[in-house]
Amino acid sequence: MFRKPRDDEIDVYGLTHTGLVRPNNQDHFLIAHLRQRLDVFESSLPDFSDLPVAEDRLASLMMVADGVGGGRKGEAASRAAVEELAQYITESVRCYYTADTGDTDFTRQLEAAALKSHQAVKERAAMEPDHLGMSTTLTLWIGVWPWCYLLQVGDSRYYQYRDGVLNQLSRDQTLAQQLTDMGAMPKELAVKSPLKNVLYSSMGGRKTEPVVSRLPNSWERIHLLCTDGLTRHVSDERIAERLGKMQSARGVCEDLLQDALDGGGTDNITIIVGRAVPA
C-alpha cells in the first residue's frame, strides 16, 4: 500500500509521567499535524493553543525533550526547546510543501530550526539567574509521506519496529557512546558507566550537534520516541514484545509506562508511539 494515510488512519498517543522518585517532571512532548499552520493534537505543554485548519495534512510530527539541570531548570529548558521548535516549524511551513522531494533544503531547515531553538534556550536561561546552566535533549520525528525525518540532540531515543524487529535509529549523544564509537570502551561497560548519563551535545548547553536523518516510511512501521526514563528500566527486548502485541498506541504507551514504573521509575518517563492503520 503506497497511498498516504488519512487522518483517521493515524494511531498515535503520547504520555509523560514524573516517575516514582523525582519531585517534578522535566520532560515535555508534542504530537501535531502540520497543515497551513500547526494543528496540535496532544501535548504536555500548558496553554499550547490548538490551531485547527481544513487543509490536507502536509506532515505529522512527534517531539520529546528531557530537561537537564534539575528542578525548574530542566523543566524550563525542555519547555523552551519544544515551544521554540514548534513555533519555528509553524513559521517555516513553506519548506514542507517540497519535503518529499528529498531536497537538502529541508534537512538544512531542520538543522537551522535546532540551532535557533538551542539559542532560544540559552537566551531564556540568561534572563533568569536560577535558570543558568539549563539544557535539554530534543528528538523530533516528522512524517512526510513516504519519508520521515529525524532530528536529534542528546539521548532521547527514536525506535522503529517492523516485521518483529526493533531498531534504535537514533544515536545517544553521550560520552559513553562516544567512547564506544572510538573503540575506547566496550559496549557492555558503556551500558553500566556513569558516563552514559553525561551529554556532550544538548539544546542550551555548551555545545549542540543536531543530527538530521532521512528515512523511509511505510504502513508496516511503528515509531516510538522516548526519554531515558523508559529505557533505563525497560529493555529493548521488552519494548519489542510490547510493540509486537500492541492493540493501540495508547494501550502500548500505558503498558510501557507501567513496565518502567515496575522497574523502579527513577526518572521522568515520556513515551510517544505512532503508526498508520488502514481503516
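What you see is a predicted model; the values in this text were computed from it and never measured. (Residues numbered from 1 in each chain as written. Predicted model: local features only at pLDDT ≥ 70, side-chain atom pairs only at ≥ 80, totals over all residues. Heavy atoms only, no water.)

*Asks:* Account for the nonpolar core, naming residues and giving values.
*Replies:* Counting 34 residues, the largest nonpolar core has L61, M63, L85, L140 and I142 as its most contacted members. Those elements that place two or more of their residues in this core are β2 (27-34), β4 (59-68), α1 (71-91), α2 (104-127), β6 (138-144) and β7 (147-153). (Core = buried A, V, L, I, M, F, W, Y, C linked by side-chain atoms within 4.5 Å. Buried < 20%, exposed > 50% of the residue type's maximum accessible area, 1.4 Å probe, protein only. Helix = DSSP H or I, 4+ residues; strand = E, 2+ residues; numbered from the N terminus.)

*Asks:* Explain the sheet that holds strand β11 (residues 222-226) to me, using residue names and the numbers behind them.
*Replies:* With antiparallel pairing, the five strands of this open sheet are ordered in space as β1-β12-β11-β8-β9. Edge strands, defined here as strands with exactly one partner in the open sheet, are β1 (10-17) and β9 (165-168). Strand-to-strand twist in this sheet, taken as the mean axis angle between neighbours without regard to direction, amounts to 15°. Sheet contacts for helix α6 (residues 236-244): β8 (157-162), β9, β11 and β12 (269-276); angle to β8, the most-contacted strand, approximately 50°. Contacts between helix α7 (residues 249-262) and the sheet are confined to β1, β11 and β12, with β1 contributing the most and set at about 25° to the helix. (Pairing = 2+ DSSP bridges. Axes fitted to C-alpha atoms, helices over the stretch in contact; angles between N-to-C directions. Contact = heavy atoms within 4.5 Å.)

*Asks:* How would you summarise the side chain of S202 if you had to cite specific residues and measurements?
*Replies:* Its place among the elements puts S202 in the loop between α4 (187-190) and β10 (211-216). Classification of S202 as buried rests on a relative accessible area of 7%. Within the local environment of S202, its side chain forms a polar contact with the backbone nitrogen of G205, the two atoms lying 3.4 Å apart. Setting aside residues up to four positions removed in sequence, S202 forms contacts with H118, S135, T136, V153, K207 and T208. (Polar contact = N/O pair within 3.5 Å; in protein donor to acceptor, adjacent residues only side chain to side chain.)

*Asks:* Would you mind going over the environment of Q160 in detail, with residue names and values included?
*Replies:* Take Q160: it is sitting in strand β8. On the accessibility criterion, Q160 (8% relative accessible area) is buried. Separated by 114 residues in sequence, Q160 and G274 place their C-alpha atoms 10.0 Å apart. Residue contacts for Q160: discarding those within four places in its chain leaves C148, V165, L166, N167, L169, L215, P216, R221, I222 and H223. One polar contact links Q160 to Y158, side chain to side chain, over a distance of 2.9 Å. Only 3.0 Å separates the side chain of Q160 from the side chain of R221, close enough to count as a polar contact.

*Asks:* An account of the side chain of T174 is needed here, citing residue identities and associated values.
*Replies:* With respect to the helices and strands, the residue T174 is situated in the loop between β9 and α3 (175-181). Setting aside its immediate chain neighbours within four residues, T174 contacts D155, L195, K196, V198, L199 and Y200.

*Asks:* Explain unusual backbone geometry to me, and be specific about the residues and the numbers.
*Replies:* Following W145, the chain continues to P146 via a peptide bond in cis, the omega torsion being 5°. Take P146: it is sitting in the loop between β6 and β7.

*Asks:* Requested: an account of the layout of surface pockets, with residues and values cited.
*Replies:* Which parts of space are left empty comes out when a probe the size of a water molecule is rolled across the atoms. The calculated volume of the largest pocket comes to roughly 630 Å³. Taken together, 22 residues form the lining of the largest pocket, with R157, Q168, D172, Q177 and V191 sitting closest to its centre. Listed by contribution, the elements that provide at least two residues to the lining of the largest pocket are β8, α3, α4 and α5 (228-231). Among the elements that line the lining of the largest pocket, the one with the most residues is α3, at three residues. (1 Å grid on protein atoms, 1.4 Å probe; cavity = no way out; pocket = protein on both sides within 12 Å on 5 of 7 lines; lining within 4 Å. Points joined across faces, edges and corners; volume = space filled by probe spheres on them.)

*Asks:* Got a sec to walk through empty space enclosed by the protein? Specific residues and values, please.
*Replies:* What the rule picks out here adds up to two cavities of 30 Å³ or more. Taken as a whole, the largest cavity encloses approximately 250 Å³ of empty space. Broken down by secondary-structure element, the contributors of at least two residues to the lining of the largest cavity are β1, β2, β4, β6 and β12. Broken down by element, the residue count for the lining of the largest cavity peaks at four residues, all from β4. The residue inventory of the lining of the largest cavity, partitioned by class, reads 13 nonpolar, seven polar and four charged. (Nonpolar A, V, L, I, M, F, W, Y, C, P; charged D, E, K, R; others polar.)

*Asks:* Any chance you could break down the pattern of salt bridges for me, citing the residues and the numbers?
*Replies:* In this structure the tally under the stated criterion is 21 salt bridges. In this structure, R3 and E9 form a salt bridge, with 2.7 Å as the shortest nitrogen-oxygen distance. For E9, a relative accessible area of 1% corresponds to the buried category. Of the charged contacts, one joins D8 and R6 as a salt bridge, the two residues approaching to 3.2 Å between their closest N and O atoms. A relative accessible area of 41% places R6 in the partly exposed class. Sharing partners across several salt bridges, the network here consists of R238, E241, R242, K245, D255 and D259. (Salt bridge = Lys/Arg side-chain N within 4 Å of Asp/Glu carboxyl O.)

*Asks:* Explain α6 to me, and be specific about the residues and the numbers.
*Replies:* Those residues of α6 that sit buried are I239, A240 and L243. Viewed along the axis of α6, the buried residues span an arc of 100°, placing them on a single side of the element. Tucked inside the fold, the buried residues of α6 contact β8, β9, β11, α5, α7 and β12. (Arc of directions from axis to C-beta.)

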